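Geometric and topological summary
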Amino acid sequence: MKPEASRRFVLATVLLAAATGIPARVRAQGAAEDSEENDDSSAGVVLDNAAFEQRLAQSEALIRNNQPTVQVGGYVDFGYFVPQGNGSGYVEDFGHAFFPQYAGQFGWVFLGDILAPAVNSRGEVADLGPAPGVTRFDSINSRGAPGFIANEVNVTLRSALTPTALVSASINFTPRTGNDFALGDSFDVDIAQVEWLPTDSQRTSIFAGKMEPVFGIEYRDRKADKRFGITPSLMSRYTMGTALGLKLRTKFGTNDWLVIAIALTNGSNTTEQFHFYDEIDSNRGKTGSARLAIRLPLSLEIGASGSAGPQDRSTDTAHWMWFYGFDLLGHWGPVDLKGQWMTGHADGEPSQGVYGLDLNQGGYLELDAMLTSSFGMLGRGEYRDAFVWLGDQRAYITKSWRATVGLRWVVTTRAVLKAEYLKNGEYDGIPKIANDIFTSSLVMSF
Amino acid sequence: MLVIRVFGWAAACALALAPMTVMAAGEATPGDVARLQGEIDRLKQELADQRQLILQLMQAEQQRYDVVLKYLRAGGAGDTSALPPPPSPSAVMPKSGATASGSEPSKDSGGSGHEAATVTGRVKASGGQIGEAYVYIDGLRSSARGHTVEIKQRDKQFAPRVVVVPLGTKLVFPNQDTVIHNVFSTASGNSFDLGSVKGGETSPPVVLLKPGPVEIFCNIHSKMRADVLVVPNNHWTRVAADGSFSLSGVPVGSRKVVLWSPTLKPVSQQVDVTPKGGTVTFSSEAMSVRPHLNKRGQAYGSYDE
């Protein structure tokens, strides 16, 4: 064959090869042409894909298996507050000038709400005031001065015993002023529980340990990183405390339209700092509580709650404490509506230093709205009508209202800056008390 | 497909020209020889161009796999937006020599030179309505890469809640809520975790690399769920409310037809697709949507709603 003819033959062969072999490789590359997945001509590429998928599965397993068994979370809540007056929420009725009917009945009568000037989500007040005849742990004790405060450092631990049994603990550290060369810092454990979801539907939970209450709805937002604003409502002292015991919560129907929760605990769901709380029971009786909620159309939920049991801190079971109330929860896009009304009573036992309570009624209505994805505002109106007494020693008369406005700025996914102004007012014979307060909070989660 | 057509054309020319050039060597005039020589040179150049093109495609694919592997070895951390998109033939195809028919096949088109037909059928669901159900052909690969599909988070729900996407599609998850979401999936081969995303923000896109169903959740809100079906090709269609479906452009041959729905048990059938088409009837049972675990494989807890 002549060199030129040979060259042409080679060229023709190359072109023939190009026409038959190379396109098969192109198809195997997935260039938009249908190809059989078991086509031998693409075996090389299929092998690459298989190797890639194998490596991918290995990487996923590696990540899955190396996840920590304990999930650590929490937050730092740092704030600045400006109280009015001496920072306390009440005044003494000297000489029974305002309520002469109690002259001779009680040694001291105080007017106002001791927990009105709250500065943080814990419900701590700017000052507990100069209460005579009692020694109290005044955790902030600002004496009316504005100041910075590390409200709380929270550490939450969570781990799964099984995929359907979760153990969790929440520990709060509260740096405060010391006294007489002793540190004032303290810590408390507000959650130490196991939650077991025994059914396939996971609509039923059984809790054991120190756990959140079932009364009302405010407990869901009791922590600073969950709460839209900063301060809790005037009713929170009766509903936000965590108690030791057992709890069952279950949901029924389409879209969980019926929710039932019942609990049996050592004591009530009053908050730990309040003088009705008893973590370890002092009597044999236990407190039963329940909530029944119905989820209505239009993202509305209404609930009824109640609790009753022998009064905390009393050593016998003759003196009872009970509460009941109704709540409302609405969620419409960026707007949430929350409301609660309740009443209650505690007999008290003066010989054992146990306070009595007549919570005639009280409630709040709160509207939270995110105006943009980062900025939101809240408005809350509330009132509390109560009478608290300890034998013939002292009595607190509260007929208070409060209007709160607040701002919320979601700085990042882990940092939220909040500010609130609380306008505290009195009515029905209670004199005006200088107990308004401005407070702010930067909650940084980790 | 454009690449293949050009190659086919080049090969056909070569087969036609090669004998002519050999035969003509002894009798052709110098002008003929010069013309044929020019033609051969042009074909040689075209062949070189096509080889270059194939190399570019292969290199781009290899680079992409390397980056994905590097990303996975790093534990999945980092900015996934840095991942290069899959190579598209059109992206590297030289403008000259391209033909108008070189576009990727559209849905249900079949798109190749294979003989294609229509598969029709009906779905019967016992114990429930058919709902949102899809039928697709398994065992064929024809990607429609480079597409982007948006799944929004709004009112603590995904929208849309059911999506079918071809292999290689990018998913983006704009958070249109005012609360933080953490979108994730643990689907084998398609797992991802977008982390916490503020309202008003969109996380980097997710590329789904493996055909099959992908359940997508939020790690914060347990009731959020989206079901995505990654199909290996463009041969898929939605089942009508009365249970009927029609899937055109299916290459003739024995084909695996699959029924998928988030609320029905998946079923498949092998069907002989002739030039006249094929028919299939599916019977499937309703499937209740079971609660899922969070991204750590744990129950959410009753208050994480």
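Residues numbered from 1 in each chain as written. Chains lettered and ligands numbered in written order. Predicted model: local features only at pLDDT ≥ 70, side-chain atom pairs only at ≥ 80, totals over all residues.

Section: the overall build of chain A
As a reminder of what qualifies: To qualify as a helix, a DSSP run of H or I must reach at least 4 residues; to qualify as a strand, a run of E must reach at least 2; elements of each kind are numbered from the N terminus. Whether a residue is buried, exposed or partly exposed is read from the other C-beta atoms within 10 Å of its own C-beta, which are placed from the backbone; 20 or more gives buried, 12 or fewer gives exposed, and intermediate counts give partly exposed. Residue pairs qualify as contacts under a 7 Å threshold applied to their C-beta atoms, which are placed from the backbone.
Broken down by element type, chain A carries four helices and 19 strands. Put simply, chain A has 446 residues, and 42% of those count as buried. In chain A, of all internal contacts separated by at least 6 residues, the share reaching a separation of at least 24 is 57%.

Some points on the overall build of chain B
If you tally the helices and strands in chain B, you get three helices and 18 strands. Put simply, chain B has 305 residues, and 36% of those count as buried. Restricting to contacts in chain B with at least 6 residues of sequence separation, those with at least 24 account for 66%.

A word on the nonpolar core
Counted only if it meets this: A set of buried residues qualifies as a nonpolar core if it consists of Ala, Val, Leu, Ile, Met, Phe, Trp, Tyr and Cys joined through C-beta atoms within 7 Å.
B:Val123, B:Ala133, B:Tyr134, B:Val135, B:Val228, B:Val230 and B:Leu259 are the most contacted members of the largest nonpolar core, which totals 49 residues. Sequence-distant contacts of B:Val228, that is, excluding residues within four places in its chain, are made with B:Val163, B:Val165, B:Val214 and B:Ile216. Counting residues in hydrophobic clusters, the runner-up holds 47 residues, among them A:Phe106, A:Val119, A:Val354 and A:Tyr396.

Some details on the sheet that holds strand β9 (residues 181-185) of chain B
Residue and element names in this part refer to chain B. Let me state the cut-off plainly: The pairing criterion for strands is at least two bridges between them, as found by DSSP. Axis lines are fitted through C-alpha atoms, for helices just across the contact stretch, and the angle between N-to-C directions can take any value from 0 to 180 degrees.
What the five strands build is an open sheet, ordered β7-β13-β12-β9-β10; its pairing is mixed. Only two strands of the sheet have a single neighbouring strand rather than two, namely β7 (162-166) and β10 (192-197). For this sheet, the mean angle separating the axes of adjacent strands, direction not counted, is 20°. Of the pairings in the sheet, the one linking β7 to strand β13 (residues 225-231) comprises five bridges and is parallel in character. In the sheet register, Val164 faces β13, and the bridge partner there is Leu229.

Observations concerning the pairing of strand β11 (residues 287-296) of chain A
Residue and element names in this part refer to chain A. As defined by bridge partners, strand β10 (residues 258-265) adjoins β11 across eight bridges and the pair is classed as antiparallel. Note that in β11 the partner of Ala263 across the bridge is Ser289. One ladder, built from nine bridges, connects β11 with strand β12 (residues 300-310); its direction is antiparallel. Among the inter-strand pairings, Ile294 is bridged to a residue of β12, identified as Ile302. If you look at the hairpin formed by β11 and β12, you'll find three residues sitting between the two strands, and Leu298 has a positive phi there, around 65°.

Quick notes on the sheet that holds strand β1 (residues 116-126) of chain B
All names here are of chain B. In spatial order, the strands read β15-β1-β18; together these three strands make up an open sheet with mixed pairing. Across the chains shown, the open sheet's two edge strands, defined by having one partner strand only, are β15 (244-251) and β18 (278-285). Within the sheet, the average angular offset between the axes of one strand and its neighbour, ignoring direction, is 25°. Pairing between β1 and β18: eight bridges, direction parallel. Counted as the bridge partner of Val119 is Gly278 from β18.

Here's the deal with the domain arrangement of chain A
Our working definition: As used throughout, domain bounds are those supplied by an automatic or database domain assignment.
Each assigned domain of chain A is listed with its residue range as follows: domain 1 (23-67) and domain 2 (68-445). On a C-alpha basis, the centroid separation for the pair domain 1 of chain A and domain 2 of chain A is 58 Å.

A closer look at unusual backbone geometry
Working note: non-glycine residues mostly have negative phi, and peptide bonds are mostly trans. For the bond running from B:Ala159 to B:Pro160, omega is 0°, close enough to zero to count as cis. Of note, B:Pro160 is situated in the loop between β6 (157-159) and β7. Positive phi values are uncommon outside glycine, yet A:Arg313 reaches one of about 75°. A count of 21 C-beta atoms within 10 Å places A:Arg313 in the buried class. Here A:Asp428, not a glycine, exhibits a phi torsion of approximately 60°, which is positive. In this structure, A:Asp428 sits in the loop between β18 (415-426) and β19 (437-445). Owing to 8 C-beta atoms within 10 Å, A:Asp428 belongs among the exposed residues under this scheme.

A word on the confidence of the model for chain B
All names here are of chain B. Rules: As a per-residue quantity, pLDDT reports the predictor's confidence and falls between 0 and 100.
Predicted confidence across chain B gives a mean pLDDT of 75, with 67% of residues reaching 70 or more. Predicted confidence in chain B is weakest over helix α3 (residues 89-92), with a mean pLDDT of 36, and strongest over strand β12 (residues 212-218), with 95. For residues 1-26, every residue scores under 50 in pLDDT, and the model assigns this stretch 61 contacts once sequence neighbours within four places are set aside. Across residues 77-113, confidence stays below pLDDT 50; counting only partners more than four residues off in sequence or on other chains, it has 78 contacts. Predicted complex metrics record ipTM = 0.72 and pTM = 0.73.

Looking at the pairing of strand β15 (residues 356-370) of chain A
Residues and elements named next belong to chain A. Pairing of strand β14 (residues 335-346) with β15, which is carried by eleven bridges, proceeds in the antiparallel orientation. The residue bridging Ala346 from the neighbouring strand is Leu357, located in β15. In the sheet, β15 pairs with strand β16 (residues 375-390) via 14 bridges, with the strands oriented antiparallel. Paired with Asp358 across the bridge in β16 is Phe387. Taking the residues that link successive antiparallel strands as the turn, the β15-β16 hairpin has four residues.

Comments concerning the environment of A:Leu407
Residue and element names in this part refer to chain A. Structurally, Leu407 can be placed in strand β17 (residues 394-412). Distance in space between the C-alpha atoms of Leu407 and Ile230 is 9.4 Å, their sequence separation being 177 residues. Ignoring any residue separated from it by four or fewer positions in sequence, one finds Leu407 in contact with Met377, Lys418 and Ala419.

What to know about the environment of B:Val231
Residues and elements named next belong to chain B. Within the element layout of this structure, Val231 appears in strand β13. Judged by the 24 C-beta atoms lying within 10 Å of it, Val231 is buried. Setting aside residues up to four positions removed in sequence, Val231 forms contacts with Tyr136, Val164, Pro166, Leu167, Pro211 and Trp236.

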